[in-house]
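Residue strings, one per chain:
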Amino acid sequence: MKRPRPSTPLSPASAKQKRPPPPQTPPISSKNPKAHQKWVPLNLSQSELSLPLTFPTGQTFRWKQTGPLQYSGTIGPHLVSLKHLQNGDVSYFIHSTPSESTAKLALLDFLNVGISLAKLWQVFSENDPRFAELAKHLKGARVLRQDPVECLVQFLCSSNNNIGRITKMVDFVSSLGTYLGSVGGFEFHEFPSLERLSVVSEEELRQAGFGYRAKYISGTVDLLRSKPDGGAQWLLSLRKLDLPEVIVALCTLPGVGPKVAACIALFSLDQHHAIPVDTHVWQDLNEVEQAYIKNQPRFRSGFPPFQNHFAFFNLAVDKIATRYLLPELGGARLTPKLCNHVAEAFVSKYGEYAGWAQTLLFIAELPSQKALLPSHFQGIQEKRNSKRKDRNKCTSDDSYN
DNA sequence: CGGTAACCTGGGAT
DNA sequence: AATCCCAGGTTAC
């Protein structure tokens, strides 16, 4: 009984040649040679879906760039490529699938096509000039609707880690799944089921370079497999719950804290106002908002109703206008308890799709994107102070209650 | 509760 | 060359 054992531990050696000399352009399909494949246009313009702003920007580590404006990945058992046409519209190519008809449905679902990005962003922009300015340059940054198991495992790998290594770890895990084909020099596998994941021991993961995240994955997989109706179903059932319950449920899994839980909730569980709170989020609130939160310890009730938010911040503006605030407030550290307040502030500011707004703000912070923005956006260059580093941690606390 | 120190690892900066 | 810092954090005191 041979298991699909990945042949490449995350050694520095094997890591080097991540870029094969790409014979990339027309995707090479492997399986299912019969299928009469071709590029098919999607009804999506670039302002609704920008591939470069959606796939390599931190919500999934499973999609690979297989061409200049082309990305490939799997959705369930389907192997798909997406690319931009000349006019910016997106078209897709199904390389391999057990069912052509379900493949497209799965793709549309995965892309959250029922949600109009343009409409959301219009509202965000009206309420926030900074967002409006960023949005002009980063159109089409969409939130995906990923498979929960796949999303969960990816973000278990992400804790206190960097993109490059996260990607290697995710590749390792992915290779346990059924091989679906190869595009542009990359091999693609269906994401492994919990059962297949359970075949790999914590020991093996650790040996493969997962570090302390090995026990997170093993522990979470085991716990999920113990659920009555199966872990995959348990995760899917969270889609019907409200955000606070979802966060609480996810945080029962080892290795899942508030941050990872928010990522999973937003990127796979339809929790559109989940906010992964980190340093960037804190800094994305202006000093007025930061100050308000700091000075209102009572502002800690459950998730705020979505009304009242303008009065809310106007009050804060008054305070700063009267010099009530001290300069140091702006640079205040993000303490764990503030995480919830920050998340609440985001929802107050952007509404029920606040997570979609935060996604753009996060992308704008990525070095790769920052370089493309006008210079006045690149301003806030944080100097590294070797003395005290702002850790900006969120501990697992009472989540949203 | 709130603050802190470990926790794995590889790559880049000093 | 040796060391330090950092990476979208979580956990255990």
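This structure is a prediction, so every number in the text was calculated from the model and none was measured.

How each quantity is defined
- Residues numbered from 1 in each chain as written.
- Chains lettered and ligands numbered in written order.
- Predicted model: local features only at pLDDT ≥ 70, side-chain atom pairs only at ≥ 80, totals over all residues.
- Heavy atoms only, no water.
- Axes fitted to C-alpha atoms, helices over the stretch in contact; angles between N-to-C directions.
- Helix = DSSP H or I, 4+ residues; strand = E, 2+ residues; numbered from the N terminus.
- Parallel < 35°, antiparallel > 145°, perpendicular 65-115°, else oblique.
- Contact = heavy atoms within 4.5 Å.
- Nonpolar A, V, L, I, M, F, W, Y, C, P; charged D, E, K, R; others polar.
- Core = buried A, V, L, I, M, F, W, Y, C linked by side-chain atoms within 4.5 Å.
- Buried < 20%, exposed > 50% of the residue type's maximum accessible area, 1.4 Å probe, protein only.
- Domains from an automatic or database assignment.
- Pairing = 2+ DSSP bridges.
- Left-handed = near helix turned anticlockwise from the far one by under 90°.
- Salt bridge = Lys/Arg side-chain N within 4 Å of Asp/Glu carboxyl O.
- Buried area = accessible area lost by both parts, 1.4 Å probe.
- Polar contact = N/O pair within 3.5 Å; in protein donor to acceptor, adjacent residues only side chain to side chain.

Trainee: Residue-level account of the packing of helix H4 (residues 117-127) against helix H18 (residues 354-365), with values.
Mentor: Contact geometry of H4 with H18 gives a least axis separation of 10 Å together with a crossing angle of 80 degrees. Judged by the angle between their axes, H4 and H18 are roughly perpendicular. Taking contact as the criterion, the partners of Leu117, Leu120, Trp121 and Phe124 in H4 are, on H18, Trp356, Ala357 and Leu360. Tallied by class, residues from the contact of H4 with H18 come to 7 nonpolar, no polar and no charged.

Trainee: Hey, could you go over the nonpolar core for me, with residue numbers and the actual values?
Mentor: Ranked by internal contacts, the top residues of the largest apolar core, which has 71 residues, are Trp121, Phe131, Phe210 and Leu250. Looking at this core, you find at least three residues from each of domain 2 (146-263) and domain 3 (272-294 + 308-376). In this structure, Phe131 is in contact with Trp121, Phe124, Ser125, Tyr350, Ala357, Leu360 and Leu361, ignoring residues within four places of it in sequence. Core analysis: the second largest hydrophobic core is formed by 18 residues, Ile75, Val80, Ile94 and Leu107 among them.

Trainee: If you had to explain the pairing of strand S6 (residues 179-183) to someone new, which residues and values would you point to?
Mentor: Side-chain positions along a regular strand alternate between the two faces of the sheet. Inspection of the sheet shows S6 paired to strand S7 (residues 186-189) by 4 bridges, in the antiparallel sense. Looking across to S7, one finds that Gly181 is bridged to Phe188. Connecting the antiparallel pair S6 and S7 is a turn made up of 2 residues, with Gly184 showing a positive phi of about 55 degrees.

Trainee: Could you give an account of the packing of helix H5 (residues 129-137) against H18, with specific residues and numbers?
Mentor: At a minimum axis distance of 10 Å, the contact between H5 and H18 shows a crossing angle of 65 degrees. Considering the relative orientation of H5 and H18, their crossing is left-handed. Between H5 and H18, the contacting residues are Arg130, Phe131, Leu134 and Ala135 on the first element and Ala357, Leu360, Leu361, Ala364 and Glu365 on the second.

Trainee: Go over the pattern of salt bridges with me, naming the residues and quoting the values.
Mentor: Using the criterion set out here, one finds 8 salt bridges in the structure. Residues Lys64 and Asp171 are paired through a salt bridge, measuring 2.9 Å at the closest nitrogen-oxygen approach. Here Lys64 is found in strand S2 (residues 64-67), whereas its partner Asp171 is found in helix H7 (residues 163-174), with 107 residues between them in sequence. We note that Lys64, like Asp171, is buried. Residues Glu195 and Arg225 are paired through a salt bridge, measuring 3.2 Å at the closest nitrogen-oxygen approach. Remark: Arg225 occurs in helix H10 (residues 213-225) and Glu195 occurs in helix H8 (residues 194-197); sequence separation between them is 30 residues.

Trainee: I'd like a description of the domain arrangement of chain A, backed by residues and values.
Mentor: Structurally, chain A comprises domain 1 (38-112), domain 2 (146-263) and domain 3 (272-294 + 308-376). With 4 residues of domain 1 in contact, the opposing surface of domain 3 contributes 5 residues. Across the domain 1 to domain 3 interface the summed buried area is about 390 Å²; carbon plus sulfur atoms make up 66%. Of all residues in domain 1, Leu53, Thr57 and Asn112 bury the most surface against domain 3, accounting for 86% of the area lost on that side. In this structure, the connection of domain 1 to domain 3 is made through 0 salt bridges. Counting the contacts that link domain 1 with domain 3 gives 0 residue pairs in polar contact (both at pLDDT 80 or more). Looking at side-chain class alone, the side of domain 1 that touches domain 3 contains 2 nonpolar, 2 polar and no charged residues.

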